[in-house]
Amino acid sequence: MHKPVIPKVSTPPSLPTKETISNMTNAELEELYYTYVGNVDVLCTNRIRLGKPDDGGWDVCDDIEHRPQPPCLVYSFGINHDFSFDDAVSDKYGCEVHSFDPSMGQNDHKHSDRVFFHNLGISDRDFVNDKAWTMKTLTSIKKQLHHTKINILKMDIEHDEYKALPNIIASDELKDVDQLLFEIHYNPSDVQKAIIEMARGLELLRDLRNLGFYVFHFHPNEYNYFTSKMTGRRRTSCSELHMLNVNQNRE
């Protein structure tokens, strides 16, 4: 039986309309973006780091009502030759893990007893890109692999979250996901591009919250700090967000 969870930490202010956001100053938009990205709004009392302690590892909520239970399934997009999270989540919970990364130049193979590598990337449509990488939607990948429910969906896909996640949301695939872990980026070197990506990021977070995905952990990527041209503040352009689907809570 599923029972919705009421957020137990804090709730960010209501997100303004798209029109209001478009009329904000650059500094106001940046402050709003970090208010949302850096906000933890649901309590996970037992959060564990799986994989490397720095870049490459990810946090999972191990509370009894949210932890993966065999038979469980993990999709991990963006490996870059680092299977530390994939191996650790498989060992910890006994999950079957499917790892995806077309940038590694490796063919499909069985990495270990429960970890399977696929020379595929995730996007908003099925196509082969200009780097000769095969890209597919989550719907197509699940159909190809004959999967339905995903316990943990992890994505570290370098700005392509703005393509993949809106498609995943629109196709209603998140209803069968318990925990969503992903990096959200923007390019700070170009102010105009940064504004566009921060506005898109806010819309993405609003859509995820409307589906019941609440942040239980925020982790700034320490390798992406810079001094903002808009506010002069020290920021990171890349943040790891760890979310729970509160509609999937188990009694």
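Placed above this text is the structure.
All figures in this text were calculated on a predicted structure; none of them were measured in a lab.

What counts and what doesn't
Residues numbered from 1 in each chain as written. Predicted model: local features only at pLDDT ≥ 70, side-chain atom pairs only at ≥ 80, totals over all residues. Heavy atoms only, no water. Core = buried A, V, L, I, M, F, W, Y, C linked by side-chain atoms within 4.5 Å. Buried < 20%, exposed > 50% of the residue type's maximum accessible area, 1.4 Å probe, protein only. Helix = DSSP H or I, 4+ residues; strand = E, 2+ residues; numbered from the N terminus. Contact = heavy atoms within 4.5 Å. 1 Å grid on protein atoms, 1.4 Å probe; cavity = no way out; pocket = protein on both sides within 12 Å on 5 of 7 lines; lining within 4 Å. Points joined across faces, edges and corners; volume = space filled by probe spheres on them. Nonpolar A, V, L, I, M, F, W, Y, C, P; charged D, E, K, R; others polar. Disulfide = S-S within 2.5 Å.

Some remarks on the nonpolar core
At step 1: Among the nonpolar cores identified, the biggest contains 46 residues, and Tyr-75, Phe-77, Leu-153, Met-155 and Phe-182 are the most heavily contacted of them.
At step 2: In terms of residues, this core owes the most to one element, helix H6 (residues 191-210), which gives 8 residues.
At step 3: In this structure, Met-155 is in contact with Trp-58, Phe-77, Ile-122, Ala-164, Leu-165, Ile-168, Leu-180, Leu-181, Phe-182 and Glu-183, ignoring residues within four places of it in sequence.
At step 4: With 26 residues, the next largest nonpolar core counts Cys-72, Ile-79, Val-89 and Phe-117 among its residues.

Regarding empty space enclosed by the protein
At step 1: Taken as a whole, this structure holds 3 cavities of 30 Å³ or more when the rule is applied.
At step 2: Taken as a whole, the second largest cavity spans an internal volume of roughly 40 Å³.
At step 3: What lines the second largest cavity is simply Asp-54, Asp-55, His-219, Pro-220, Asn-221, Glu-222, Tyr-223 and Glu-240.
At step 4: By residue class, the composition of the lining of the second largest cavity is 2 nonpolar, 2 polar and 4 charged.

Topic: the state of the cysteines
At step 1: One pass over the structure, following the stated rule, counts 2 disulfides.
At step 2: Shown here is the disulfide that connects Cys-44 with Cys-61, its sulfur atoms set 2.3 Å apart. Between Cys-44 and Cys-61 the sulfur-sulfur dihedral comes to about 105°; the bridge is accordingly right-handed. Note that Cys-44 is positioned in the loop between helix H2 (26-37) and strand E1 (47-50) and Cys-61 in strand E2 (residues 58-61), a separation of 17 residues in sequence. Assigned by exposure class, Cys-44 and Cys-61 land together as buried.

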